[in-house]
Amino acid sequence: MNKFKETMFKSITYVASLFTILALFGIIFSLFSEGIPILKIINFKDFLGSTAWHPTSNPPDFGILALIIGSLVVTVGALVISIPLGLGSAIYISEIAGQRTKEIIKPIIELLAGIPSVVYGLFGMAFLSPFLIKVFGIPTGLNALSASIILGIMVVPIISSMSEDALSTVPKSLREASLALGANRWETIMRVVLPAARSGVLGSIILGFGRAIGETMVVIMVAGGAAQIPSSLFEPVRPMTAAIASEMGETAFGSPHFHALFGIAVVLFFITFITNLITEFVFRKKRNQT
Amino acid sequence: MKKTILVLALLALIAFPIFAKGQKITISGSTTVLPIAQATAEIFMDKNPEINISVRGGGSSVGIAGIMAGTVDIGDASRHIQTKEIVAARENGINPYENVVANDGIAIVVHKNNPIKNLTIQQIKDIYTGKISNWKEVGGPAMPIVVISRDVSSGTFEVFNSLVLGGAQAIDGALMLASNNAVVSTIASTPGAIGYAGLGYITENVNIVKVNNVMPSKRTIQDKTYPVARTLHMYTNGAPKGLVKEYIDFILSDEGQAIIEEQGFISVK
């Protein structure tokens, strides 16, 4: 009877893992089979290299360079904001704060990760964008800057909690040795603890990048949606995810526009796939080290 | 004895959906027509409990494709059916029939503090295509114009694009927003903005601009003096008959049209 239970349990978990893999391959297959046909209508170079995205004009233009740039601008902007904030709070929690403060601050930062993205988007539309208009005297508050700020706040808990984990696994003996050699606290953190934890910190940044580039609701609501290469952060952009989500609903199944949106999804898939590979590589290296 | 009654009751329960079969209408299509279909279907089902209406969105193209393929009873569309779609449908042995169920006006809106009260179609076109980029060029304050448009797949964009822009390209720097509500709330917080939205979505936080000196209203839309207006359609296979006719007759009745006005659209009568 026990043996029967054992086999049952084994096969159930086996089927569960198999199902996950099947789902993944199903998604990849449908992405490619619907995305590749766009190359019959527009060649690869024009698809990736042209900035003209007018999918419903007559004749239509399906160049997605402006959308790729839009995604990269808001993602890099988000990292510029979230790396100092996330890393700073990780260092404070792990190295400087006392046990009590740590127990209060840590859950609060992690709470940020639990807020639904549509709530962040509403906050951006209703408060941040009018605020930016007033502060900078710019014509519109729905632009690359406001999307970067909101995405940056969303990424902070990822970078903070993962970096903090990495910092706290650095052996205490390293810190003690550094202090014993006459280094002060600042020097110990910057020259000894951070370098020792660098692969974990790097991994958290890459994960944050993946989170920001894949985020959809926030960029639909606050990035402004203009398919152009922005000449400054105060101009609206149309990230890839926003184009897919807001145009797919009213696109006729099997039309060139439909295939173009799947083509964007393939590009997005490659970008996140590569970042995941890098993360995996970084963490594997870390595991081998310790 | 008790057992027999129980069995009979169970049988009746199982058999009920079989008798109810055929009393079903399926509708899909335009998200603009969706609130009309939903609101009228709810009341119609309250009055006729044996009829079941399933309503879905998906967009005008989806609704027309559904009629062409014969997969729905009613296909909603905020645009007219195209000639090539009629040809394709006829090849399938289907004859699309247009039922006009409501009128809808697209209002041109600006920020509450903007002194501009009237624009011509040509001026609006020049603003959207980038020839005019500052409010002082149309008699307003010196302030850059923030052009707000809708996502290129929306029916509202399609109608605005054909009636105002005449198919011309809007500037790439225009904000493209995902819904009528997003357009109105963004204009309310952006002093230099101009945008457009279905009349039913306009709030008191923004100003409606006259187009060619005509204010959008029930009267100007019905007598077609307001230029940026459209009709909303429900397509059927041939002239509606049976259950579908009952439902469409209900929408076109005084009671149905009153529901449509409650939703912010304009009656066809």
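Residues numbered from 1 in each chain as written. Chains lettered and ligands numbered in written order. Predicted model: local features only at pLDDT ≥ 70, side-chain atom pairs only at ≥ 80, totals over all residues. Heavy atoms only, no water.

## Topic: the overall build of chain B
Stage number 1. Across its full length, chain B holds 10 helices and 10 strands.
Stage number 2. By its C-alpha atoms, chain B is 90 × 45 × 35 Å across when sized along the principal axes.
Stage number 3. Of all 269 residues assigned to chain B, the portion counted as buried reaches 50%.
Stage number 4. The contacts of chain B with a sequence gap of at least 6 include a subset with a gap of at least 24, amounting to 73%.
Stage number 5. Roughly 12300 Å² of accessible area belongs to chain B as shown, and the carbon and sulfur atoms make up 57% of that amount.
Stage number 6. Here chain B contributes 23 positively and 22 negatively charged side chains, and the mean placements of these two sets differ by 1 Å. (Helix = DSSP H or I, 4+ residues; strand = E, 2+ residues; numbered from the N terminus. Buried < 20%, exposed > 50% of the residue type's maximum accessible area, 1.4 Å probe, protein only. Contact = heavy atoms within 4.5 Å. Areas by Shrake-Rupley, 256 points an atom, 1.4 Å probe, with all protein chains shown as cover. Lys, Arg positive; Asp, Glu negative; His and termini not counted. Charge placed at Lys NZ, Arg CZ, Asp CG, Glu CD.)

## A look at the packing of helix 8 (residues 172–180) of chain A against helix 9 (residues 185–196) of chain A
Residues and elements named next belong to chain A.
Stage number 1. It is at 10 Å that the axes of helix 8 and helix 9 come closest, and there the two elements cross at 145°. Once helix 8 is placed against helix 9, the crossing between them reads as right-handed. Each of Leu174, Arg175, Ser178 and Leu179 in helix 8 lies in contact with helix 9, whose residues at this interface are Arg185, Thr188, Val192, Val193 and Ala196.
Stage number 2. Taken together, the residues of the contact of helix 8 with helix 9 sort by class into five nonpolar, two polar and two charged. (Axes fitted to C-alpha atoms, helices over the stretch in contact; angles between N-to-C directions. Left-handed = near helix turned anticlockwise from the far one by under 90°. Nonpolar A, V, L, I, M, F, W, Y, C, P; charged D, E, K, R; others polar.)

## Quick look at the environment of Val147(B)
Residue and element names in this part refer to chain B.
Stage number 1. For Val147, the location among the structural elements is in strand 6 (residues 146–150).
Stage number 2. Val147 gets classed as buried once you look at its relative accessible area, which sits at 5%.
Stage number 3. With 28 residues separating them along the chain, Val147 and Leu175 place their C-alpha atoms 6.3 Å apart.
Stage number 4. Among all residues touching Val147, those that are not within four sequence positions of it are Ile127, Tyr128, Ile171, Ala174, Leu175 and Ile194.

## A look at a nonpolar patch on the surface
Residues and elements named next belong to chain A.
Stage number 1. Together, Phe270, Phe273, Ile274, Leu277 and Ile278 make up an exposed nonpolar region whose accessible area comes to about 460 Å².
Stage number 2. Tracing the backbone through its elements, the reader meets Phe273 in helix 13 (residues 256–289).
Stage number 3. With relative accessibility at 41%, the residue Phe273 sits in the partly exposed group. (Patch = residues over 30% accessible without salt bridge, like charges linked within 9 Å, V, L, I, M, F, W, Y side chains within 5 Å. Salt bridge = Lys/Arg side-chain N within 4 Å of Asp/Glu carboxyl O.)

## Concerning the interface of chain B and chain A
The parts lose accessible area when they come together, and the size of an interface is often stated as this lost area.
Stage number 1. Residue-level contacts link 27 residues of chain B with 27 residues of chain A.
Stage number 2. Taking both sides of the interface into account, the surface hidden between chain B and chain A amounts to around 2000 Å²; carbon and sulfur atoms contribute 54%.
Stage number 3. The interface formed by chain B and chain A includes one salt bridge.
Stage number 4. As a salt-bridge pair, Asp151(B) and Arg238(A) come within 2.8 Å of each other at their nearest N and O atoms. (Buried area = accessible area lost by both parts, 1.4 Å probe.)

## Considering the pairing of strand 1 (residues 24–29) of chain B
All names here are of chain B.
Stage number 1. For strand 1, a buried count of five out of six residues is recorded, marking the element as mostly surrounded by other parts of the structure.
Stage number 2. Pairing geometry for strand 1 and strand 3 (residues 74–77), over three bridges, is parallel. Note on strand 3: the bridge partner recorded for Gly29 is Asp76. (Pairing = 2+ DSSP bridges.)

## As for helix 6 (residues 117–136) of chain A
Stage number 1. At Gly124(A), helix 6 of chain A shows its maximal bend, which comes to roughly 40°.
Stage number 2. What helix 6 of chain A keeps buried is the set Tyr120(A), Gly121(A), Gly124(A), Met125(A), Leu128(A), Ser129(A), Pro130(A), Leu132(A) and Ile133(A).
Stage number 3. Residues of helix 6 of chain A that are buried make contact with helix 5 (99–113), helix 7 (144–168) and helix 11 (217–222) of chain A together with helix 7 (180–188) of chain B.
Stage number 4. Phi turns positive, to about 65°, at Gly137(A), one or two residues after helix 6 of chain A. (Bend = angle between axes of the 7 residues up to and from the residue.)

## Considering the side chain of Ser267(B)
All names here are of chain B.
Stage number 1. With respect to the helices and strands, Ser267 occurs in the segment after helix 10 (254–262).
Stage number 2. Here the side chain of Ser267 touches Lys269 through a polar contact of 2.9 Å, landing on its backbone nitrogen.
Stage number 3. Filtering out sequence-adjacent residues up to four positions away, Ser267 remains in contact with Asn103, Gln222, Gln257 and Glu261. (Polar contact = N/O pair within 3.5 Å; in protein donor to acceptor, adjacent residues only side chain to side chain.)

## Describing the environment of Asn237(B)
Residue and element names in this part refer to chain B.
Stage number 1. Structurally, Asn237 can be placed in strand 10 (residues 229–237).
Stage number 2. Of the residues examined, Asn237 reaches a relative accessible area of 39% and is grouped as partly exposed.
Stage number 3. Considering only alpha carbons, one finds Asn237 and Asp73, 164 residues apart in sequence, at a separation of 7.4 Å.
Stage number 4. Excluding residues that lie within four positions of it along the chain, Asn237 makes contacts with Ile67, Ile94 and Asn95.
Stage number 5. At 3.0 Å, the side chain of Asn237 forms a polar contact with the backbone nitrogen of Asn95.

## Quick notes on the pattern of salt bridges
Stage number 1. This model, assessed by the stated rule, comprises 14 salt bridges over all chains.
Stage number 2. As a salt-bridge pair, Arg238(A) and Glu247(A) come within 2.8 Å of each other at their nearest N and O atoms.
Stage number 3. Given the relative accessible area of 0%, Glu247(A) is considered buried.
Stage number 4. Three or more residues joined by partner-sharing salt bridges are found here, namely Arg238(A), Glu247(A) and Asp151(B).

## Re the pairing of strand 9 (residues 206–211) of chain B
Residue and element names in this part refer to chain B.
Stage number 1. Where strand 4 (residues 96–111) and strand 9 come together, four bridges link them in antiparallel fashion. By the bridge assignment, Val110 is partnered in strand 9 with Asn207.
Stage number 2. As defined by bridge partners, strand 5 (residues 118–119) adjoins strand 9 across two bridges and the pair is classed as parallel. Counterpart to Leu119 in the pairing with strand 9 is Val211.

## Observations concerning the packing of aromatic side chains
Stage number 1. Taken as a whole, this structure holds 13 aromatic pairs over all chains when the rule is applied.
Stage number 2. Measuring from centroid to centroid gives 6.0 Å for Tyr128(B) and Tyr196(B), while their planes differ by 55°, and the two rings are tilted. In this pair, Tyr128(B) is assigned in helix 5 (residues 121–128) and Tyr196(B) in strand 8 (residues 193–198), connecting sequence segments 68 residues apart.
Stage number 3. Look at Tyr128(B) and you get buried, because its relative accessible area is 1%.
Stage number 4. Feature note: the residues Phe32(A), Phe269(A), Phe270(A) and Phe273(A) constitute an aromatic cluster, connected by ring pairs. (Phe/Tyr/Trp six-rings, centres within 6.5 Å; stacked < 30°, edge-to-face > 60°.)

## Brief notes about the nonpolar core
Among soluble globular proteins, nonpolar side chains are generally buried collectively.
Stage number 1. By size, the foremost hydrophobic cluster in this structure holds 109 residues, and its most contacted members are Trp53(A), Ile108(B), Tyr128(B) and Ile194(B).
Stage number 2. Here this core gets 10 residues from one element, more than from any other, and that element is helix 7 of chain A.
Stage number 3. The contacts of Trp53(A), once residues within four sequence positions are left out, are Asp61(A), Phe62(A), Gly63(A), Ile64(A), Leu67(A), Ala227(A), Arg238(A), Glu247(A), His257(A), Ala260(A), Leu261(A) and Ile264(A).
Stage number 4. Ile27(B), Phe44(B), Val101(B) and Val244(B) belong to the second-largest nonpolar core, a separate cluster that totals 24 residues. (Core = buried A, V, L, I, M, F, W, Y, C linked by side-chain atoms within 4.5 Å.)

## Re the side chain of Arg150(B)
All names here are of chain B.
Stage number 1. In this structure, Arg150 sits in strand 6.
Stage number 2. Of the buried charged residues, Arg150 lacks a salt bridge, with Asp151 as the closest side chain of opposite charge at 5.7 Å.
Stage number 3. Within the structure, Arg150 has its side chain in polar contact with the backbone oxygen of Ala178 (distance 3.3 Å).
Stage number 4. The residues touching Arg150, leaving out its near neighbours within four places in the chain, are Thr156, Phe157, Met176, Leu177, Ala178, Ser179, Asn180, Val183 and Tyr196.

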